[in-house]
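Observations on chain architecture
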Protein chains: 2
Amino acid sequence: MALEHAILISLTERAGSGYELARRFDRSIGYFWPATHQQIYRVLRRMDEAGWVTHTEIAQEGRPDKKVYRVAAPGRAEISRWLAEPADPAVLRDGLSVKLRGASLGDVGLVLKEMERHRAEHATRLEVYRGIQRRDFPKPNTLRGRELHQYLVLRGGIRAEESFVTWCDEVIDALRKDNR
Amino acid sequence: MALEHAILISLTERAGSGYELARRFDRSIGYFWPATHQQIYRVLRRMDEAGWVTHTEIAQEGRPDKKVYRVAAPGRAEISRWLAEPADPAVLRDGLSVKLRGASLGDVGLVLKEMERHRAEHATRLEVYRGIQRRDFPKPNTLRGRELHQYLVLRGGIRAEESFVTWCDEVIDALRKDNR
DNA sequence: CCTACCTATGCAACTGGTTGCAGTGCACCT
DNA sequence: AGGTGCACTGCAACCAGTTGCATAGGTAGG
């Protein structure tokens, strides 16, 4: 179960509250390990009880108090233990492919529309990734250690989105030709 | 929930038992919508109760009896209803990326090994896909309708695996250089 | 002024997916 | 003779993830 570890890793980079973590997940680590705030809160509490993290309550004015979590020694140990065990293969669940496969049982035109919509969404996300690359990693070949690793993960996202967009184009093109 | 629909689509292509469906999922539709036999059995029963599918019990000699399911009219209606509604974006959960991101908190060499292992697995799967392409779709530009759609889904798998393998190579190369 | 959204945490109920087990009979290997 | 593996279905327990809701003050916009 990698959610614990994704949170721990994110917390080593910077301490934060459940809410903040949920935001972070929305725009970085959650691209390949999505999580809702609910899940994050639950896992944080569990890890707190297990002693992997500690929290300090911070009173705020004008906005609700928050609990800022940071990784404790057992949490760090747990990360390196987990890093050493084999990762199971990435899970992909793509309803769009299922639809495409069954397209001829319904309105193919609608599936084509869906394809175009997804193409647009992934193109947007690709631009987001490229923006991050330009802003945060302008000189990739100077990177080392943690920053290099972060950059490489981003590269994976870019590659995945690129190939998704290209695939959509191939599909859209083929469906249009088939329709003529 | 696309598992119902993945099963229905698979059953329109060919009627079959839960067990057979589980096998099929293992080597085709399950590549982008994985499911265990347990899940398939449960969903089949639910769809049977809902009238989306019907089953005939088939007594076999030497091996256990089986229930062969086929799609009923309401099931077909349900497919085309579902095809017309928007698909939510593909979900990816990739523990390997999480590991890479946190690699510097543990033994980077081990993460590199993991990367190589995953690279090999994905290369194998890529070869499987390419084999299917050669065998089942030797002349892609003559395809139309259902076969075209199936081919296009396979193309998506090929593209995804290709880009994954290339990414692994990029990562492996970069980690090695960083280690020197 | 009212609505809507943001920060912040959390409970409760639910659905989807996983794991472990159990039974049965045949085929194959050692 | 004994073990493993395949074909076939299924129960039970569990774990992970989703959805809806509650609370509560602050800010921004129509």
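This structure is a prediction, so every number in the text was calculated from the model and none was measured.

Criteria and cut-off values
Within every chain, residues take consecutive numbers counted from 1 along the sequence as written. The lettering of chains begins at A and the numbering of ligands begins at 1, in the order of writing. Since the coordinates come from a predicted model, pLDDT governs what is reported: local features require at least 70, and pairs of side-chain atoms require 80 or more to be given and counted, while whole-chain, interface and lining totals use all residues. Side-chain figures throughout are based on the complete set of non-hydrogen atoms in the structure, without hydrogens or water. Each helix corresponds to a stretch of at least 4 residues labelled H or I by DSSP, and each strand to a stretch of at least 2 residues labelled E; elements are numbered beginning at the N terminus. With C-alpha atoms as the basis for the radius of gyration, the globule rule is written as 2.2 Å multiplied by the number of residues raised to the power 0.38. Residue contacts follow a heavy-atom distance rule, with two residues in contact if any of their heavy atoms lie within 4.5 Å. Surface accessibility follows the Shrake-Rupley procedure with a 1.4 Å probe radius. Residue values consider only the protein chains on display as shielding. The positive count covers Lys and Arg only, the negative count covers Asp and Glu only, and His and the chain ends enter neither. Note that the charge is assigned to NZ on lysines, CZ on arginines, CG on aspartates and CD on glutamates. Polar contacts, as used here, are pairs of N or O atoms within 3.5 Å; protein pairs need one atom able to donate a hydrogen and one able to accept it. Residues neighboring in sequence count only if both atoms are side-chain atoms. UniProt positions are given in the numbering used here, feature names are shortened, and annotations may be inferred rather than shown by experiment. Alignment of copies: least-squares fit on C-alpha atoms of residues with pLDDT of at least 70 in both copies. Proximity is defined per residue: if any heavy atom of the residue lies within 4 Å of a molecule or strand, that residue is considered near it. The term buried area refers to how much accessible surface (probe radius 1.4 Å) is lost by two components on association, counted for both of them together. Any Lys or Arg side-chain nitrogen found within 4 Å of a carboxyl oxygen on Asp or Glu counts as a salt bridge. Two strands pair under a simple rule: DSSP has to find at least two bridges between them. Buried means the residue's accessible area, taken with a 1.4 Å probe over protein chains only, is under 20% of the maximum for its type, while exposed means over 50%, and partly exposed covers the values in between.

A few words now on the overall build of chain A. Helix and strand counts for chain A come out as 7 helices and 3 strands. Shown N-terminal to C-terminal, the secondary structure of chain A runs as helices and strands in the order α-α-α-β-β-α-β-α-α-α. By the compact-globule yardstick of 16 Å for 180 residues, chain A is too spread out, its C-alpha radius of gyration being 20 Å. The principal-axis extent of the C-alpha atoms belonging to chain A is close to 65 × 40 × 40 Å. Of the contacts made within chain A by residues no fewer than 6 positions apart, 55% connect residues no fewer than 24 positions apart. Accessible surface, chain A as shown: approximately 9,300 Å² in total, 50% of it carbon and sulfur. Separation between the mean location of the 31 positive side-chain charges and that of the 26 negative ones in chain A comes to 3 Å.

We now examine the environment of K66(B). All names here are of chain B. Structurally, K66 can be placed in strand β2 (residues 66-71). A C-alpha to C-alpha distance of 6.3 Å links K66 and S17, two positions 49 residues apart in sequence. Within the structure, K66 has its side chain in polar contact with the side chain of E20 (distance 3.0 Å).

UniProt feature "domain: Transcription regulator PadR N-terminal" (unreviewed entry): in the numbering of this structure it lies at residues 7-80 of chain A. Here residues 7-80 of chain A runs as 53% helix and 16% strand, with 14 Å between its end C-alpha atoms.

Moving on, we come to the relation of the copies chain A and chain B. The transformation that overlays chain A on chain B combines an axial shift of 0.0 Å with a rotation of 180°, and the residual RMSD is 0.0 Å. Viewed as a symmetry operation, the transformation between the two copies matches a two-fold axis. Proximity to the rotation axis, assessed at the C-alpha, singles out L92(A) in chain A; its C-alpha lies 2.4 Å from the axis. Taken as a fraction of all interface residues of chain A, those also at the interface in chain B reach 99%, which identifies the copy contact as same-surface.

In the vicinity of DNA strand C lie 20 residues, with Y19(A), Q38(A), Y41(A), K67(A) and Q39(B) positioned nearest. By atom count, sugar and phosphate contribute 57% of the portion of DNA strand C lying within 4 Å of the protein. In this structure, Q38(B) approaches DNA strand C through a side-chain N or O atom, which is 3.2 Å from a base oxygen. Contributing elements (two or more residues each) for the surface near DNA strand C: α2 (18-27), α3 (37-50) and β2 (66-71) of chain A together with α3 (37-50) of chain B.

To continue, consider the interface of chain A and chain B. Of the residues lining the interface, 69 residues belong to chain A; the matching set on chain B comes to 68 residues. Carbon and sulfur atoms supply 63% of the area that chain A and chain B bury against each other, a total of about 6,300 Å² over both sides. Three residues stand out in chain A for area buried against chain B, namely L83(A), R93(A) and R101(A), and they jointly supply 13% of the buried area on that side. One salt bridge connects E13(B) with R101(A), and the closest N-O pair in it is separated by 3.1 Å. At the junction of chain A and chain B, the tally comes to 28 residue pairs in polar contact (both at pLDDT 80 or more). Per-element accounting of the side of chain A that touches chain B gives the leading share, 21 residues, to helix α7 (residues 145-179) of chain A. Relative to strand β3 (residues 91-93) of chain B, strand β3 (residues 91-93) of chain A runs antiparallel, the two being bridged by 3 bridges.

Moving on, we get to the pattern of salt bridges. Per the counting criterion, the structure on display carries 36 salt bridges over all chains. The salt bridge involving R81(A) is made with E78(A); its shortest N-O contact spans 2.8 Å. Within this pair, R81(A) and its partner E78(A) are both found in helix α4 (residues 73-84), separated by 3 residues, close to a single helical turn. Taking the relative accessible area as the measure of exposure, E78(A) reaches 10% and is therefore buried. Close ionic contact of D178(A) with R144(B) constitutes a salt bridge, the shortest N to O distance being 2.7 Å.

Bringing the UniProt feature "domain: Transcription regulator PadR C-terminal" (unreviewed entry) in chain A into the picture now. Feature annotation in UniProt assigns "domain: Transcription regulator PadR C-terminal" (unreviewed entry) to the following positions: residues 92-176 of chain A. End C-alpha to end C-alpha, residues 92-176 of chain A measures 27 Å, and it is 81% helix and 2% strand.

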